[in-house]
Amino acid sequence: MNQDELKRAVGQAAVDYIKPHLDDDSIIGVGTGSTANCFIDALAGIKHLFDGAVASSEASAERLRGHGIPVYDLNGVDGIEFYIDGADEINDQLDMIKGGGAALTREKIVAAVARKFICVADESKVVPMLGNFPLPVEVIPMARSHVARELVKLGGDPVWREGVITDNGGQILDVHNMKIQSPMALESEINQITGVITNGLFALRGADVLLLGTQDGVKTQTR
């Protein structure tokens with residue numbers, strides 16, 4: 001299977017995973033990106049089994065609505081049973097780097113609310129150590145240069161993702177050349193820099209389940 005076929009396979013696997021647990025009141029958290037889009041497309045086939053969804057980006061919300069799936073504001077729901085999203089990198093502890101699509105803050109918020117976080121990814125995203133994919137950091141625009149200087153002190157090479165404004169009005173610094181040996185510690189340290197909204201390390205709240213698309217089928221790993 002090529003990469004697109006692997007993404008579709010894990011999208012369907014995620015639907016199969018959550019389907020037995022859904023009822024008329026269920027709200028599903030939905031992430032952002034190409035693999036999450038495959039999940040949304042597969043989710044449309046069982047939209048009669050749940051109430052609706054909370055989306056981590058305007059793009060995902062639009063895709064959900066296009067399938068006739070109601071989209072709710074997170075503040076208007078009591079809870080989320082499952083959050084399903086992809087990853088830019090993931091290690092064997094199910095820590096991740098996310099934010100290639102600039103939706104990291106809303107993704108992190110929805111993940112924090114969800115009772116179970118299911119990561120859907122193809123085998124190309126699995127790495128022994130996080131950091132080859134540049135680490136996104138969302139910042140308040142006026143603090144961009146200050147945050148960049150602080151990230152240099154941590155050993156990174158931050159590059160402004162020019163022309164990108166997040167759904168929250170933030171800007172993105174992509175931090176290159178970091179080998180992340182302690183994801184939890186680094187996630188906390190970066191978040192303490194004044195002007196940082198959040199960073200794309202998902203380690204303090206990593207995935208509970210990984211559905212991994214491989215040439216031998218979809219494999220399941222739990223945290």
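Refer to the structure printed above.
Predicted, not measured: the structure shown is a model, and the values here were computed from it.

Basis of the calculations
- Residues numbered from 1 in each chain as written.
- Predicted model: local features only at pLDDT ≥ 70, side-chain atom pairs only at ≥ 80, totals over all residues.
- Heavy atoms only, no water.
- Pairing = 2+ DSSP bridges.
- Helix = DSSP H or I, 4+ residues; strand = E, 2+ residues; numbered from the N terminus.
- 1 Å grid on protein atoms, 1.4 Å probe; cavity = no way out; pocket = protein on both sides within 12 Å on 5 of 7 lines; lining within 4 Å.
- Points joined across faces, edges and corners; volume = space filled by probe spheres on them.
- Nonpolar A, V, L, I, M, F, W, Y, C, P; charged D, E, K, R; others polar.
- Axes fitted to C-alpha atoms, helices over the stretch in contact; angles between N-to-C directions.
- Parallel < 35°, antiparallel > 145°, perpendicular 65-115°, else oblique.
- Left-handed = near helix turned anticlockwise from the far one by under 90°.
- Contact = heavy atoms within 4.5 Å.
- Buried < 20%, exposed > 50% of the residue type's maximum accessible area, 1.4 Å probe, protein only.
- Salt bridge = Lys/Arg side-chain N within 4 Å of Asp/Glu carboxyl O.

Undergrad: Describe the sheet that holds strand β4 (residues 89–90), with residues and values.
TA: Strand pairing in a sheet takes place through backbone hydrogen bonds and is either antiparallel or parallel in direction. Here 3 strands make up an open sheet; going across it, the order is β4-β5-β11 and the pairing antiparallel. In this open sheet, the two edge strands, each paired with only one partner strand, are β4 and β11 (201–202). With 2 bridges joining them, β4 and strand β5 (residues 96–97) adopt antiparallel strand pairing. Directly across from I90, in β5, lies its bridge partner M96.

Undergrad: Provide a residue-level description of the layout of surface pockets, including the pertinent values.
TA: Approximately 290 Å³ is the volume attributed to the largest pocket. Lining the largest pocket are 14 residues, with V54, A55, D73, L74 and R106 sitting closest to its centre. Put simply, the parts of the chain that give the lining of the largest pocket at least two residues each are β2 (52–55), α3 (58–66) and α4 (104–113). The class makeup of the residues in the lining of the largest pocket is 8 nonpolar, 2 polar and 4 charged. As a volume, the second largest pocket reaches approximately 180 Å³. Along the wall of the second largest pocket there are 17 residues; nearest its centre are T32, G33, G86, A87 and D88. Sorting elements by how many residues they give to the lining of the second largest pocket places helix α2 (residues 34–43) first, with 3 residues. Grouping the constituent residues of the lining of the second largest pocket by class yields 3 nonpolar, 8 polar and 6 charged.

Undergrad: I'd like to hear about the packing of α2 against α3, residue by residue, with values.
TA: In a pair of packed helices, the angle between the axes and the distance between the axes together describe the arrangement. Two elements in contact, α2 and α3, have axes whose closest approach is 9 Å; the angle formed by their N-to-C orientations is 20°. In terms of axis orientation, α2 runs roughly parallel to α3. In the crossing of α2 with α3, the sense of the turn from one axis to the other is right-handed. The residues of α3 that touch α2, namely those facing N37, I40, D41 and L43, are S60, R63 and L64.

Undergrad: So what's going on with the environment of G86? Residues and values would help.
TA: With respect to the helices and strands, the residue G86 is situated in the loop between β3 (80–85) and β4. A relative accessible area of 8% means that G86 is categorised as buried. With 75 residues separating them along the chain, G86 and G11 place their C-alpha atoms 9.6 Å apart. Sequence-distant contacts of G86, that is, excluding residues within four places in its chain, are made with K98, C119 and V120.

Undergrad: Explain empty space enclosed by the protein to me, using residue names and the numbers behind them.
TA: In this structure the tally under the stated criterion is 1 cavity of 30 Å³ or more. For the largest cavity, the calculated volume is near 40 Å³. Forming the boundary of the largest cavity are S56, A102, A103, L104, T105, R106, E138, T166, D167 and N168. For the lining of the largest cavity, the element with the most residues is α4, which contributes 3 residues. Here the residues of the lining of the largest cavity are counted per class, giving 3 nonpolar, 4 polar and 3 charged.

Undergrad: Help me get a handle on the pattern of salt bridges, residues and values and all.
TA: Any two side chains of opposite charge can pair if their charged atoms end up close together. Taken as a whole, this structure holds 10 salt bridges when the rule is applied. As a salt-bridge pair, R161 and D174 come within 2.7 Å of each other at their nearest N and O atoms. Within this pair, whereas R161 is found in the loop between β8 (157–160) and β9 (171–176), its partner D174 is found in strand β9, the two being separated by 13 residues in sequence. There is no split in this pair, since R161 and D174 are both buried. With a shortest N-O distance of 2.8 Å, D208 and R205 are connected by a salt bridge. Residue classification places R205 among the partly exposed positions, given a relative accessible area of 24%. A cluster of three or more residues bridged by salt bridges with shared partners is formed by D85, K98 and E107.

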